[in-house]
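# Notes for the structure review
So the chains spell out like this:
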Amino acid sequence: VQLQASGGGLVQAGGSLRLSCAASGRTFSSYGMGWFRQAPGKEREFVAGITWSGGSTAYADSVKGRFTISRDNAKNTVYLQMNSLKPEDTAVYYCVASVRTTYDYWGQGTLVTVSS
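Residues numbered from 1 in each chain as written. Predicted model: local features only at pLDDT ≥ 70, side-chain atom pairs only at ≥ 80, totals over all residues. Heavy atoms only, no water.

### Some details on the state of the cysteines
Rules: In this description, a disulfide is simply a cysteine sulfur pair whose atoms lie within 2.5 Å. Only runs of H or I of at least four residues qualify as helices and only runs of E of at least two qualify as strands under DSSP, and these elements are numbered from the N terminus. Between buried and exposed lies partly exposed: a residue is buried under 20% and exposed over 50% of the maximum accessible area for its type, with that area taken using a 1.4 Å probe on protein chains only.
Per the stated rule, a full pass over the model turns up one disulfide. The disulfide partner of cysteine 21 is cysteine 95, and the gap between their sulfur atoms is 2.0 Å. The disulfide joining cysteine 21 to cysteine 95 has a torsion of about -80° about its S-S bond and is therefore left-handed. On the criterion of sequence distance, the pair formed by cysteine 21 in strand E3 (residues 17-23) and cysteine 95 in strand E9 (residues 91-98) is long-range, its members being 74 residues apart. Cysteine 21 sits in the buried class, given a relative accessible area of 0%.

See below:
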């Protein structure tokens, strides 16, 4: 499984970005998917997750109400819509997949920078 994240960039506080993660493999629709992030000098942290069907989602408290994770199994793609961005959302965002175990496959990351 290969994961290719895109959509990062520079945005002002209060703005929005949508991250995308394209996955290879014919069984994408059977994977749980998620997003993690790592800010400079900080530990990597969970941001959001979604089940294989998209029927259930989970979010870190810090992003609830602002971020939305979704997926399109026909396009082998998972998305992270990020609204009301804050400077503390600045981080490298990683797309992850649960293939054999929870979040065992990771993409290369995409940088999101939120200016104040």
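### So, the side chain of serine 20
We apply this condition: Contacts are assigned to residue pairs with any non-hydrogen atoms lying within 4.5 Å of each other.
Inspection of the secondary structure puts serine 20 in strand E3. Other than its neighbours up to four places away in sequence, serine 20 contacts Gln4, Ala5, Ser6, Trp35, Thr77, Val78 and Tyr79.

### Here we look at the nonpolar core
Operational definition: Residues enter a nonpolar core if they are buried and are Ala, Val, Leu, Ile, Met, Phe, Trp, Tyr or Cys, with the set joined through side-chain atoms within 4.5 Å.
Of all hydrophobic cores here, the largest spans 29 residues; its most connected members are Met33, Trp35, Leu80, Met82 and Tyr93. Elements with a minimum of two residues in this core: strand E1 (3-6), E3, strand E4 (32-38), strand E5 (44-50), strand E7 (67-72), strand E8 (77-82), E9 and strand E11 (110-115). For leucine 80, the contacting residues outside a window of four places in its chain are Leu17, Arg18, Leu19, Trp35, Val47, Ala48, Phe67, Thr68, Ile69 and Tyr93.

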